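What follows is each chain in one-letter form.
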Amino acid sequence: MAQASSNKMFLKVPKLTGKSPSSYTSNMNSGKYFDDLSVGDTFETGGITLTEGAIIDFALTHDPQPFHVNRVAATESIFGGIIASGFQTIALTFRLFRDTGVLTGTNMGGHGMDEVRWLAPVFPGDTLHASVTVEVLTPSRSKPDRGTVRFRYRTYNQNDVKVLSMTMDHVMARPK
């Protein structure tokens, strides 16, 4: 297996939200509540650029398939080079949405994800951004302080090629 590159930067992150990391913990109630959302609401994220080192580092720990970690094997694969793990793409997509602030202080967890589709490979140097749309709102029958929001995540590269589509069910707080 190839070693991770000496580039220790995990990600090149263009301004995602303009907030410093400490603001995510100091302003815990700035997100959207269940009742603030409507079916069809769509949120656009900032972008995040993957380096080859970031792809290899993630894959060595979580998904060490040859086309994620070995330049020679990746070149000989159907992809023609190193690509990001689909699981890394999911994690980064969630990170991008989280960084919008929509979930800050109001997301209580999740019930799962469905309809995961990896539609195109993600290569080193690709900059991902996402569009997240509210599809279904289901108030809890037994717990009036929350409801479930089904979000449709769509992730695109810098050429607006869709690389990932999935739904995720988030348990969101309702205002007190």
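These numbers were taken from a predicted model, which means no experiment stands behind them. (Residues numbered from 1 in each chain as written. Predicted model: local features only at pLDDT ≥ 70, side-chain atom pairs only at ≥ 80, totals over all residues. Heavy atoms only, no water.)

Concerning the overall build of the chain
Thought 1: Helix and strand counts for the chain stand at 5 helices and 6 strands.
Thought 2: Along its sequence from the N terminus, the chain presents helices and strands in the succession β-α-β-α-α-α-α-β-β-β-β.
Thought 3: Partitioning the intrachain contacts of the chain with sequence separation of at least 6 by distance along the chain shows that 73% fall at a separation of at least 24.
Thought 4: If you sum the accessible surface of the chain, you get close to 9100 Å²; carbon and sulfur atoms cover 53% of it. (Helix = DSSP H or I, 4+ residues; strand = E, 2+ residues; numbered from the N terminus. Contact = heavy atoms within 4.5 Å. Areas by Shrake-Rupley, 256 points an atom, 1.4 Å probe, with all protein chains shown as cover.)

Notes on the pattern of salt bridges
Thought 1: Going through the model one piece at a time under the given rule, you end up with 9 salt bridges.
Thought 2: Between Asp-114 and Arg-150 there is a salt bridge, with the nearest N and O atoms lying 2.7 Å from each other. In this pair, Asp-114 sits in strand S3 (residues 107-118) while Arg-150 sits in strand S5 (residues 146-156), placing the two residues 36 residues apart along the sequence.
Thought 3: Notably, a salt bridge pairs Arg-152 with Glu-115, separated by 2.5 Å at the nearest N-O pair. In this pair, Arg-152 is assigned in strand S5 and Glu-115 in strand S3, connecting sequence segments 37 residues apart.
Thought 4: Residue classification places Arg-152 among the buried positions, given a relative accessible area of 12%. (Salt bridge = Lys/Arg side-chain N within 4 Å of Asp/Glu carboxyl O. Buried < 20%, exposed > 50% of the residue type's maximum accessible area, 1.4 Å probe, protein only.)

Structural notes on the confidence of the model for the chain
Thought 1: Chain-level pLDDT for the chain is 87 on average; 84% of the residues reach the 70-or-more range.
Thought 2: Counting interchain partners and residues more than four positions distant, the pLDDT-below-50 stretch residues 1-28 has 51 contacts. (pLDDT = per-residue confidence, 0-100.)

A few points about the side chain of His-170
Thought 1: Tracing the sequence through the fold places His-170 in strand S6 (residues 162-173).
Thought 2: Judged by its relative accessible area of 2%, His-170 is buried.
Thought 3: One polar contact links His-170 to Tyr-153, side chain to side chain, over a distance of 2.7 Å.
Thought 4: Ignoring any residue separated from it by four or fewer positions in sequence, one finds His-170 in contact with Phe-94, Leu-103, Asn-107, Gly-109, Gly-110, Gly-147, Thr-148, Val-149, Phe-151 and Tyr-153. (Polar contact = N/O pair within 3.5 Å; in protein donor to acceptor, adjacent residues only side chain to side chain.)

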